[in-house]
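# Structural features, examined
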Amino acid sequence: LESIDTEIPISVVPLRDRKNEKLTMHSLHVQSNNNNNSHDNNSSITLVLLHGYMNGALFYYRNVVGLSKYFRHVYAVDFLGWGSSSRPAFWLKDDSVETTESFFVDSLESWRIKNRINKMVLAGHSLGGYL
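Here's what I pulled together on the structure shown here.

### Side note on the overall build of the protein chain
Within the protein chain, the regular secondary structure consists of three helices and five strands. When the elements of the protein chain are put in sequence order from the N terminus, they spell out β-β-β-α-β-α-β-α. Across the 131 residues of the protein chain, 40% fall into the buried class. Relative to all contacts within the protein chain whose residues are 6 or more apart in sequence, the contacts with residues 24 or more apart total 74%.

### Quick look at the side chain of Arg112
Relative to the helices and strands, Arg112 resides in helix α2 (residues 97-114). The exposure class of Arg112 is buried, given its relative accessible area of 16%. Filtering out sequence-adjacent residues up to four positions away, Arg112 remains in contact with Ile117, Asn118 and Met120.

### What to know about the side chain of Ser68
Along the chain, Ser68 turns up in the loop between α1 (64-67) and β4 (73-77). The residues contacting Ser68, other than those within four sequence positions of it, are Val30, Ser32 and Val74.

### Thoughts on α2
Here α2 spans 26 Å end to end across 18 residues, near enough to the 26 Å set by a 1.5 Å rise per residue. Looking at α2, one finds that the buried residues are Thr99, Phe103, Phe104, Ser107, Leu108, Ser110, Trp111 and Arg112. On the buried face of α2, the contacting elements are β1 (2-8), β2 (23-31), β3 (46-50), β4 and β5 (120-124). Taken from the residues just after α2, Arg116 is the one with a positive phi, measuring 55°.

### Considerations on the packing of aromatic side chains
Here the structure, examined in full by the defined rule, presents seven aromatic pairs. Each ring, one from Phe59 and one from Tyr60, has its centre 5.1 Å from the other, and the planes form 85°; the classification is edge-to-face. Considering the side-chain rings of Phe103 and Phe104, the 5.0 Å spacing of their centres and the 85° angle between planes classify their relative orientation as edge-to-face. Aromatic ring contacts, followed pair by pair, group Tyr53, Phe79, Trp82, Phe103 and Phe104 into a single cluster.

### Structural notes on the nonpolar core
Judged by nonpolar contacts, the single largest core of 21 residues is most densely connected at Leu15, Leu23, Phe103 and Trp111. When residues of this core are traced back to their parent elements, those giving at least two are β1, β2, β3, β4 and α2. When residues of this core are assigned to their parent elements, the largest contribution, four residues, is made by α2. Among residues more than four places away in sequence, those in contact with Trp111 are Thr6, Ile8, Met25, Ser27, Val48, Tyr75, Val77 and Ile117. Formed by ten residues, the second largest nonpolar core is a distinct cluster that contains Val30, Leu47, Phe71 and Ala76.

### Here we look at the sheet that holds β1
Taken in spatial order, the five strands line up as β1-β2-β4-β3-β5 in an open sheet, and their pairing is mixed. Edge positions in the open sheet fall to β1 and β5, since each of these has one partner strand only. Within this sheet the neighbouring strands show an average axis-to-axis angle of 25°, counted without direction.

### Re unusual backbone geometry
Located in the positive-phi region is Met54, a residue other than glycine, with phi close to 65°. When its relative accessible area of 63% is taken as the criterion, Met54 is described as exposed. Despite not being glycine, Ser126 shows a phi value in the positive range, around 55°. With respect to the helices, strands and loops of the structure, Ser126 is situated in the loop between β5 and α3 (127-130).

The rules behind these values
- Residues numbered from 1 in each chain as written.
- Predicted model: local features only at pLDDT ≥ 70, side-chain atom pairs only at ≥ 80, totals over all residues.
- Heavy atoms only, no water.
- Helix = DSSP H or I, 4+ residues; strand = E, 2+ residues; numbered from the N terminus.
- Buried < 20%, exposed > 50% of the residue type's maximum accessible area, 1.4 Å probe, protein only.
- Contact = heavy atoms within 4.5 Å.
- Expected span 1.5 Å × (residues − 1).
- Phe/Tyr/Trp six-rings, centres within 6.5 Å; stacked < 30°, edge-to-face > 60°.
- Core = buried A, V, L, I, M, F, W, Y, C linked by side-chain atoms within 4.5 Å.
- Pairing = 2+ DSSP bridges.
- Axes fitted to C-alpha atoms, helices over the stretch in contact; angles between N-to-C directions.

This is the structure we're talking about:
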């Protein structure tokens, strides 16, 4: 089990003019060491777990190691504002639902790119499932 902090460029998320603020998204990562995976079809697939409202990546602490028997990489991500991720002031460009959704989705996409994940399966609880 490793803990990862990934820098997210402030320009990625729809915040009002905040150029010097550093943002990081925290995640837990487990990599399968099981070379004799009986589920060979999934052995190269990455699973990303998204927490719900008022939770964080540790919501999945009892699941990540067990899930690594079925997936090569398992990540549990803290959205911006939760867990050990940055807590930016949420001064969004506007107050629409779409902009709020984009804040979380765009930061997740930036996290995916920075961690060089080409394909992933998303599994989420509550807000994580909605996004």
